Amino acid sequence: MPVEDYDDCWLRYEPVEDEELSNAYRRHCTHAYVSEGAPELGAVREELRRGLGGLLGREPHLWQHPPRSVDGFLAIGLPDEMRPISESVDPDEVRGLHDEGYLIRSVEWEGSDCTVLTAPRDRGLVYGTFHLLRLMATGEPIIDLDVVEEPANETRMINHWDDPFRGSVERGYAGRTLFDWERLPDLKERYYDYARLLASVGINGVSVNNVNTKIPGREGANEVVSGQAGWQLLESENLEKVAALASVFRQYGIKTYLSVNYASPMLIGGLETADPLDPAVEEWWAGKAEEVYDRIPDFGGFVVKADSEGQTGPYDYDRDHAEGANVIARALAPHGGRVWWRAFVYSEHEDRAVQAYETFEPLDGEFHENVTVQIKNGPIDFQPREPVSTLFGAMPETAMGCELQITGEYTGQGVHACYLVPQWKEVLEFDTDGNGSPVKDVLGGTEGQGIAGVGVVGDDPNWFGHHLAGANLYGYGRLCWDPDLDSETVTDEWIRQSFGDDPTTVETVSEILLDSWEASIDYHTGGIGLMHMMYNGEAALENHYDPSPGEWPEYHVADGEGIGIDRTSEGSGYVEQYREPVAERYASPEDCPEELLLFFHRLPWEHELADGTTVIQRLYDNCFAGVEEVRRLHDRWSSLEGDIDDRRHRHVAERFDEHVLQAERWRDTLVTFFHEHSGVADERGRVPLD
Ligand code: GCU
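Every chain is numbered on its own, with residues counted from 1 as its sequence reads. For this predicted model, a pLDDT threshold of at least 70 governs which residues receive local features, and a threshold of 80 or more governs which side-chain atom pairs are given and counted, while totals over whole chains, interfaces and linings are taken from all residues. No hydrogens and no water enter the side-chain calculation; it runs on all heavy atoms of the structure.

**Things to note about the overall build of the chain**
Per the secondary structure count, the chain includes 20 helices and 16 strands. Going through the 690 residues of the chain one by one, you find that 63% of them count as buried. In what follows, a contact means two residues having at least one pair of non-hydrogen atoms within 4.5 Å. Long-range pairs, those at least 24 residues apart, make up 73% of the contacts in the chain between residues at least 6 apart in sequence. The Shrake-Rupley method, run with a 1.4 Å probe, gives the accessible areas here. Residue values count only the displayed protein chains as cover. Carbon and sulfur atoms form 44% of the exposed surface of the chain, whose accessible area is close to 25,100 Å². Strands here are runs of E lasting at least two residues and helices are runs of H or I lasting at least four, both read from the DSSP assignment and numbered beginning at the N terminus. Relative accessibility decides the category of a residue: with a 1.4 Å probe and only protein chains considered, values under 20% of the type maximum give buried, values over 50% give exposed, and everything between is partly exposed.

**A short note on the pattern of salt bridges**
When their charged atoms lie close together, side chains carrying opposite charge are able to pair. Salt-bridge detection follows one rule: a side-chain nitrogen of Lys or Arg within 4 Å of a carboxyl oxygen of Asp or Glu. According to the stated counting rule, one finds 54 salt bridges in the structure shown. A salt bridge links Glu 403 to Arg 342, with the nearest nitrogen and oxygen atoms 2.7 Å apart. One end of the pair, Glu 403, is in strand S13 (residues 399-405); the other, Arg 342, is in strand S11 (residues 338-342), with 61 residues separating them in the sequence. Glu 403 sits in the buried class, given a relative accessible area of 1%. The network of salt bridges with common partners includes Glu 46, Glu 47, Arg 49, Arg 50, Asp 193 and Arg 196.

**Some words on the site of the ligand**
Neighbouring residues are identified by heavy atoms, a residue being near a molecule or strand if any of them is within 4 Å of it. The ligand sits among 14 residues. The nearest are Glu 170, Lys 305, Arg 342, Lys 376 and Glu 409. The term polar contact refers here to a pair of N or O atoms within 3.5 Å; inside protein, the definition further demands a hydrogen-donor-capable atom paired with an acceptor-capable atom, and it admits residues adjacent in sequence only when both atoms are side-chain atoms. Interatomic distance of 3.1 Å between a side-chain N/O atom of Glu 309 and an oxygen atom of the ligand. Taking Asp 381, its side chain carries an N or O atom lying 2.9 Å from an oxygen atom of the ligand. Burial of the ligand by the protein chains amounts to 97% of its free accessible area of 320 Å². Here the residues of the shell around the ligand sort into four nonpolar, two polar and eight charged. Classification used: nonpolar for Ala, Val, Leu, Ile, Met, Phe, Trp, Tyr, Cys and Pro, charged for Asp, Glu, Lys and Arg, polar for all others including Gly.

**Focus: the pairing of S13**
Extensive coverage of S13 is indicated by the burial of seven of its seven residues. Every second residue of S13 is oriented toward a common face, with Ala 399, Gly 401, Glu 403 and Gln 405 on one face and Met 400, Cys 402 and Leu 404 on the other, all of them buried. Relative to S13, strand S12 (residues 371-376) is paired through five bridges, and the arrangement is parallel. Bridge pairing in S13 places Gln 374 opposite Gly 401. In this structure, S13 lies alongside strand S14 (residues 450-454), joined through five bridges in parallel fashion. Of the residues in S14, the one forming a bridge with Leu 404 is Gly 453. At least two DSSP bridges between two strands are needed for those strands to be called paired.

**Quick look at the sheet that holds strand S1 (residues 31-34)**
Strand order across the open sheet formed by six strands is S2-S1-S3-S5-S4-S6, with mixed pairing between neighbours. If you trace the sheet from one side to the other, it starts and ends with strand S2 (61-63) and strand S6 (146-149), each paired once. When the angles between neighbouring strand axes are averaged without regard to direction, this sheet yields 25 degrees. Alignment of S1 against strand S3 (residues 73-77), held across three bridges, turns out to be parallel. Bridging across to S3, Ala 32 finds its partner in Leu 74. Across the face of the sheet, helix H1 (residues 19-29) comes into contact with S1, S3 and strand S5 (112-118) while running at roughly 50 degrees to S3. Angles shown run from 0 to 180 degrees and are taken between the N-to-C directions of axes, each axis being a line fitted to C-alpha atoms and, for helices, limited to the stretch in contact.

**Some points on the sheet that holds strand S9 (residues 255-260)**
The eight strands lie next to each other as S7-S8-S9-S10-S11-S12-S13-S14, forming a closed barrel whose pairing is parallel. Shown here is a sheet whose adjacent strand axes are inclined to one another by a mean of 25 degrees, direction ignored. Sheet strands in contact with helix H14 (residues 470-481) are strand S7 (155-159), S13 and S14, and its direction is about 155 degrees off that of S7.

**Some words on the packing of aromatic side chains**
Paired rings are identified among Phe, Tyr and Trp, the last through its six-membered ring, by centres lying within 6.5 Å, and are further divided according to the angle between planes into stacked (under 30 degrees), edge-to-face (over 60) and tilted (the rest). Under the counting rule described, the total for this entry stands at 33 aromatic pairs. On the numbers, 6.1 Å between centres and 65 degrees between planes, the contact of Tyr 578 with Phe 600 is edge-to-face. Of this pair, Tyr 578 sits in the loop between strand S15 (562-563) and helix H17 (582-587) while Phe 600 sits in helix H18 (residues 597-600), and the two are 22 residues apart along the sequence. Here the two residues Tyr 578 and Phe 600 agree in accessibility, since each one is buried. One aromatic cluster in this structure is built from Tyr 6, Phe 179, Trp 181, Tyr 191, Tyr 194, Phe 249 and Trp 463. Seen from the ring of Phe 599, Arg 567 lies directly overhead, with NZ or CZ sitting 3.9 Å from the centre. Any Lys NZ or Arg CZ that is within 6 Å of a ring centre and within 35 degrees of that ring's normal is treated as a charge sitting over the ring.

**A short note on the UniProt feature "domain: Alpha glucuronidase N-terminal" (unreviewed entry) in the chain**
UniProt positions are given in the numbering used here, feature names are shortened, and annotations may be inferred rather than shown by experiment. Here the UniProt feature "domain: Alpha glucuronidase N-terminal" (unreviewed entry) sits at residues 9-132. Taken end to end, residues 9-132 comprises 40% helix and 22% strand; its first and last C-alpha atoms sit 17 Å apart.

**Details of unusual backbone geometry**
Cis geometry marks the peptide bond from Leu 184 to Pro 185, where omega comes out at 15 degrees. By the secondary structure assignment, Pro 185 is in the loop between S7 and helix H6 (189-200). Cis geometry is found at the peptide bond from Val 687 to Pro 688, where omega equals 5 degrees. Tracing the chain through its elements places Pro 688 in the segment after helix H20 (646-678). The phi angle at Cys 9 is positive, at roughly 55 degrees, despite the residue not being glycine. Checked against the element boundaries, Cys 9 lands in the segment before H1. The backbone of His 544 sits at a positive phi, close to 60 degrees, despite the residue not being glycine.

This is the structure:
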């Protein structure tokens, strides 16, 4: 396999400098008795070699039986596989855990200290191994462990928006796709390292191709998108390539999924229709599913973008989305597969926010059990801040998936530092009925639920295009596993594993990450509920990076009178889709949280906010404050010169220089636009600009 040079990210396993800690780790981990057999155990051994080899300067001694005459060893296996485990942990306790859970416990066995790592299934052993290594890489003690972990979400998936064969990544800012479709089924070492990164944070699903599987038949489609050929992966000759990738992911407990085109029965099967109620279509999907499972027995299922942005769907045949999804679900059901059916549908409504709920809520209970409705966190499209989608909590009879965007399409792409964990926490903690039903619980617990995140990696040597964007993938996985983790803990873990434990570095990087999202909201939107003010451009694959508030008047409706959209019952009515008391709170301009105000209300420029400041003045102040904050974060990063290796320091510093300039561009464009419409000058004398 060719050797490529790329970052280890948070799996650097730098030597533990603290001698006492390092000695303690050695005593417990130099000898490891690891069971054999399942493919996942190869991954466990490999990680122990790399991890302990790096952290402790010496690879562990791997035993095939309990090590003799050593005091302190690690035992890794299923409960019944090895005596040190079956004799020190109650097997029923382990069997009672979630399929992907694990247990790590310090015990004494035949007079020796033993760290037991066990799980009901082999996959849990992989997660447990990464957990143990993370403890050491972050300087935590391991002498008295009693860890019991289970994932909160059943599926924790990455949706790659990679365009096979053409090699580009839609909304990807880190080079080209990792997956070399021309050369597959030949494998690359890097696929294994990608799987390691994902498994280390608990990801258990990867959909390998773009949800746009074919050139949209929309106006403006041109050569920029003409490479969207993901639908071809379902062709027999290409399934071999998918199977090869799946063989890598499998070792790390990750299931492989495919995005499929709704018209596949026509495109691949040569049928004349893709009508979901046509028996030939039903038969075609069933046959295709069988073929896929013949090659990939643990295949996860299909992700579908239908009737959206030029992709075909059941509406082409006057069928609804449940009928549309169910035909594919029936094909996958005998094999244990699942359809992830996206709710990202908008078209006929003037206010696109209302569409997804109107389309899907009436279909609650109509979807087959193995359909998950995959809902973007907000009603628009991954804007810096959106209210939470009204669909969460509104479809109790349907398995739900939350879709988050890990890649920074609207938050500065590969240039701006924008850490999204605080955004995701806000979404997951949002109380859907004011009665203690946060999104994380509404999602949790039911079969087939989970979280899908739009992928962020490419073939860039640092994987992400921006070193700090690695924290987003890390945090995404950790929150999918445990949404109760707080942002600070997740951030701290990532920094220590990526940059070491120098207190100044940890504190500074943490501050930069945790403060970056609010700054981004301020200069991208003015911070009180506006959004979608970016440049689109001529190309079908829109820019979404530069400011252009005049281009999308319907998203803010600025004129001489005021700004914002009335989404109350007097306006588009979107607010009524929320449950009480949320609907009532948002419907009132007084009670609506200020950060969402102009999303729900159209207000005069000089409307006074709670503290007496006017809407226009707050927009000015926030735009300026956002830039000041980016400057401050830039300077905080500069202060780390010498504390972080030059290569990574320079990389981020260069992007921060550009980030400041771009934030200024946004500020200047927005405040000028607000001024032109309102005619009101900034009371602090900054607008109009000189
Ligand atoms: C956004 C994004 C598109 C993407 C779409 C989706 O509109 O700009 O690139 O295809 O979301 O989620 O399907």
